[in-house]
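# Fold and geometry: a report
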Amino acid sequence: MPMTAGERPAYSLVQADPRHDLAAIQSVWRGNFGPDADHPRKIQHLYLDGPSGPALVLMLRDDRNGEAAGVVGAIPRPMRYAGTSITAAVISHVAVAPRHRTLGPVMKLHAEIFAASSHRFDLIYGHPNPRNAVVLKRAKYQELGQIKRYVKVLKFGQYAGRVLPAPLARLAAPLVDALAVGGQWRRRSDIRGLDTRWSSEPFPQIDRDWPQAAGERRLEAVRTTELLRWRFHPCIVGQVRYLLVSSAHGPLGWFACEDNTAIAGRLTLLDYRLIDMPQRHKANAIQALLAQAHAAGYNTVEIPLSGHAYGEEGWQDVGFVERGSGPITGAGFTSKLDGLDAGHLHMTYLDNDS
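For the structure given in this document, a descriptive report is provided here. (Residues numbered from 1 in each chain as written. Predicted model: local features only at pLDDT ≥ 70, side-chain atom pairs only at ≥ 80, totals over all residues. Heavy atoms only, no water.)

## Here we look at the pattern of salt bridges
As a reminder of what qualifies: Salt bridges are defined by distance alone: a side-chain nitrogen of Lys or Arg within 4 Å of a carboxyl oxygen of Asp or Glu. Think of it in three bands: with a 1.4 Å probe and only protein chains considered, a residue is buried below 20% of the maximum accessible area for its type, exposed above 50%, and partly exposed in between. The secondary structure listing takes helices from DSSP runs of H or I that are at least 4 residues long and strands from runs of E that are at least 2 residues long, numbered from the N terminus.
Using the criterion set out here, one finds 17 salt bridges in the structure. A salt bridge links Arg64 to Asp62, with the shortest nitrogen-to-oxygen separation between them at 2.9 Å. Using a relative accessible area of 1% as the deciding quantity, one classes Asp62 as buried. For Arg149, the salt bridge is made with Glu302, and the minimal N-O distance between the two is 3.1 Å. Residue Arg149 is located in strand β6 (residues 142–153), and its partner Glu302 is located in strand β12 (residues 300–306); the two are separated by 153 residues in the primary sequence. On the basis of relative accessibility, which here comes to 9%, the residue Glu302 falls in the buried class. Bridged by salt links that share partners, the residues Arg218, Glu220, Arg223, Asp271, Arg273, Lys282 and Glu313 form one connected network.

Take a look at the structure:
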């Protein structure tokens, strides 16, 4: 139960050590961020085992009794912008214990992680709930852009039941799907020379075949096999498979894919990278992925994506449509980010905090 005005304490903020303060962090996380039994492993993984070093973790304590009232982390994520290395961090797992859930503790956590990060990182960012926008604005965060959820329907027959009686819908669904596939014959002919290969592990080509072009005006994560293994560890997401698409001349792109456990038959693209090539060839690489997803029985494919990539990398060309969006907020603390705008902020699920 939240406290009354007369009970509200003063708070102190300390830098937490997840090794020594594990029990206190767990007490604040309780009931949030997945099953409580998974929290020790998740805290160890996110805050201590990251490939770019340990996270910055701040804890809010009740001055009356020293109990943990709130916690927030800033997890390092190496990025690159215009050929320059950027030390970035994603604001992670902002949590306040039930008895302290008032505006004051939340504001203090956001303001203090902002101040502490300004001395350690070039950039901090997060993917907050839109209703927290006022709190973040007061804590000096700005909206950097939007991350949008794009969806491609592969099997339209699943929607027949919305307009037809159930018995007729069952008969019509295969015909609807056959017509939809037939309508893509031209695009399918463009991908006949492409090779696709699945793996349960990130492909070694990821470490050497996708460098960012010098001077490219795009802010994005520095993707490595080490980062992908850590980011998509089973304690964070479900089973992930990687698809490599290649032509006779070499790799064209890769995709990190996960079954969406919340929606049966939906494949979620957690991350991807395409080589620098004409847009139509990028669209063909994506179409090769869609052909694999269709053959595997998926009904839809979705990807969260920010910036100009939707139009420039072929997602729009192959029929992905927007189905929702949310803000990306944060702040830059270096002149290395001068000229950055929302269109050049390239983020996927990889860049989220959980």
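Having seen the model, we can carry on.
## Let's talk about the pairing of strand β9 (residues 240–247)
We count it as follows: A pair of strands is considered paired only if DSSP assigns at least 2 bridges between the two.
With respect to burial, β9 is a largely interior element, six of its eight residues being buried. Here strand β7 (residues 195–199) runs beside β9; their pairing, made up of five bridges, is antiparallel. What sits directly across from Ser199, in β9, is Tyr242. Bridge analysis of β9 against strand β10 (residues 250–259) gives eight bridges, and the strand direction is antiparallel. Its bridge partner being in β10, Ser246 is matched across the sheet by Pro251. Here β9 hands over to β10 after two residues, the two strands then running antiparallel side by side.

## Section: the layout of surface pockets
In plain terms, the rule: Only protein atoms enter the 1 Å grid, on which a cavity is a set of points fitting a 1.4 Å probe that cannot get out and a pocket is an open set with protein on both sides within 12 Å along at least 5 of 7 lines, lining residues being those with an atom within 4 Å of a point. Grid points are joined across faces, edges and corners, and a volume is the space filled by probe spheres set on the points. Each residue receives one of three labels: charged for Asp, Glu, Lys and Arg, nonpolar for Ala, Val, Leu, Ile, Met, Phe, Trp, Tyr, Cys and Pro, and polar for the others, Gly being one of them.
Each pocket or cavity is described by its volume, and for the largest pocket that value is around 540 Å³. What lines the largest pocket is a set of 22 residues, and nearest its centre among them are Val94, His110, Pro128, Asn129 and Asn132. Listed by contribution, the elements that provide at least two residues to the lining of the largest pocket are β4 (84–96), α3 (103–117) and β5 (123–126). Here the lining of the largest pocket gets six residues from one element, more than from any other, and that element is β4. Broken down by class, the residue content of the lining of the largest pocket amounts to 10 nonpolar, nine polar and three charged.

## With respect to the nonpolar core
For soluble globular proteins, the rule of thumb is that nonpolar side chains tend to be buried together. Cut-off, in case you're wondering: We define a nonpolar core as any set of buried Ala, Val, Leu, Ile, Met, Phe, Trp, Tyr and Cys residues linked to one another through side-chain atoms lying within 4.5 Å. Pairs of residues are marked as contacts when any of their non-hydrogen atoms sit within 4.5 Å.
Core analysis: the biggest nonpolar cluster contains 46 residues, and Trp29, Tyr47, Met79, Ile86, Leu123, Leu219 and Phe232 have the highest contact counts within it. Per-element accounting of this core gives the leading share, five residues, to strand β3 (residues 68–81). Those residues in contact with Leu219, other than ones at most four positions away along the chain, are Met79, Arg80, Tyr81, Ile86, Leu123, Leu337, Leu340, His344, Leu345 and His346.

## Section: empty space enclosed by the protein
Counting across every chain of the model gives two cavities of 30 Å³ or more. Taken together, Gly50, Pro51, Ser52, Gly53, Ile75, Pro76, Pro78, Leu227 and Trp230 make up the full set of residues lining the second largest cavity. When residues of the lining of the second largest cavity are traced back to their parent elements, those giving at least two are β3 and α7 (225–231). Partitioning the lining of the second largest cavity into residue classes produces six nonpolar, three polar and no charged.

## Brief notes about the packing of aromatic side chains
This is how it is decided: Aromatic rings from Phe, Tyr and Trp, with only the six-membered ring used for Trp, were paired whenever their centres fell within 6.5 Å, and each pair was classed as stacked if the ring planes differed by under 30 degrees, edge-to-face if by over 60, and tilted otherwise.
The final tally for this structure, using the stated rule, is nine aromatic pairs. Taking 5.4 Å as the distance between ring centres and 85° as the angle between the ring planes, the aromatic pair formed by Phe114 and Phe333 counts as edge-to-face. Here Phe114 is found in helix α3, whereas its partner Phe333 is found in the segment after β13 (321–332), with 219 residues between them in sequence. Residue Phe114 is classed as buried on the basis of its relative accessible area, which comes to 13%. Ring centres 5.2 Å apart and planes at 85° place the aromatic pair Trp315 and Phe320 in the edge-to-face group. Residue Trp315 is classed as buried on the basis of its relative accessible area, which comes to 0%.

## Details of unusual backbone geometry
Residue His93 is not a glycine yet carries a positive backbone phi of 50°. Relative to the elements of secondary structure, His93 occurs in strand β4.

## Here's the deal with the side chain of Thr348
Here is the rule we go by: Side-chain atoms alone can form a polar contact between residues adjacent in sequence; in general such a contact is a pair of N or O atoms within 3.5 Å, and within protein one must be able to donate a hydrogen while the other accepts it.
As for its placement among the helices and strands, Thr348 is situated in the segment after β13. Of note is the side chain of Thr348, whose polar atom sits 3.2 Å from the backbone oxygen of Leu270. Here Thr348 is in contact with Ile147, Arg223, Leu270, Asp271, Tyr272, Pro304 and Leu305, once residues within four sequence places are set aside.

## What about helix α8 (residues 279–295)?
Where we set the bar: The span expected for a helix works out to 1.5 Å for each residue beyond the first.
Here α8 spans 24 Å end to end across 17 residues, near enough to the 24 Å set by a 1.5 Å rise per residue. Just downstream of α8 lies Gly297, where phi reads positive at about 95°.

## A few points about the packing of helix α1 (residues 22–29) against helix α2 (residues 39–47)
Test applied: Each axis is a line fitted through C-alpha atoms, and for a helix only the stretch in contact is used; angles between axes span 0 to 180 degrees, taken between their N-to-C directions. To sort the angles, those under 35 degrees are grouped as roughly parallel, those over 145 as roughly antiparallel, those from 65 to 115 as roughly perpendicular, and the leftovers as oblique. The crossing is said to be left-handed when, going from far helix to near helix, the turn is anticlockwise and less than a right angle, and right-handed when the turn is clockwise.
For the pair α1 and α2, the least separation of the axes is 10 Å and the interaxial angle reads 110°. Taken together, the axis directions place α1 and α2 in an arrangement best described as roughly perpendicular. Crossing of α1 over α2 shows right-handed handedness. Contact residues: α1 offers Leu22, Ile25, Gln26 and Trp29, while α2 offers His39, Pro40, Lys42, Ile43, Leu46 and Tyr47. A breakdown of the residues in the contact of α1 with α2 according to their chemical character gives seven nonpolar, two polar and one charged.

Geometric values such as these leave the question of function open.
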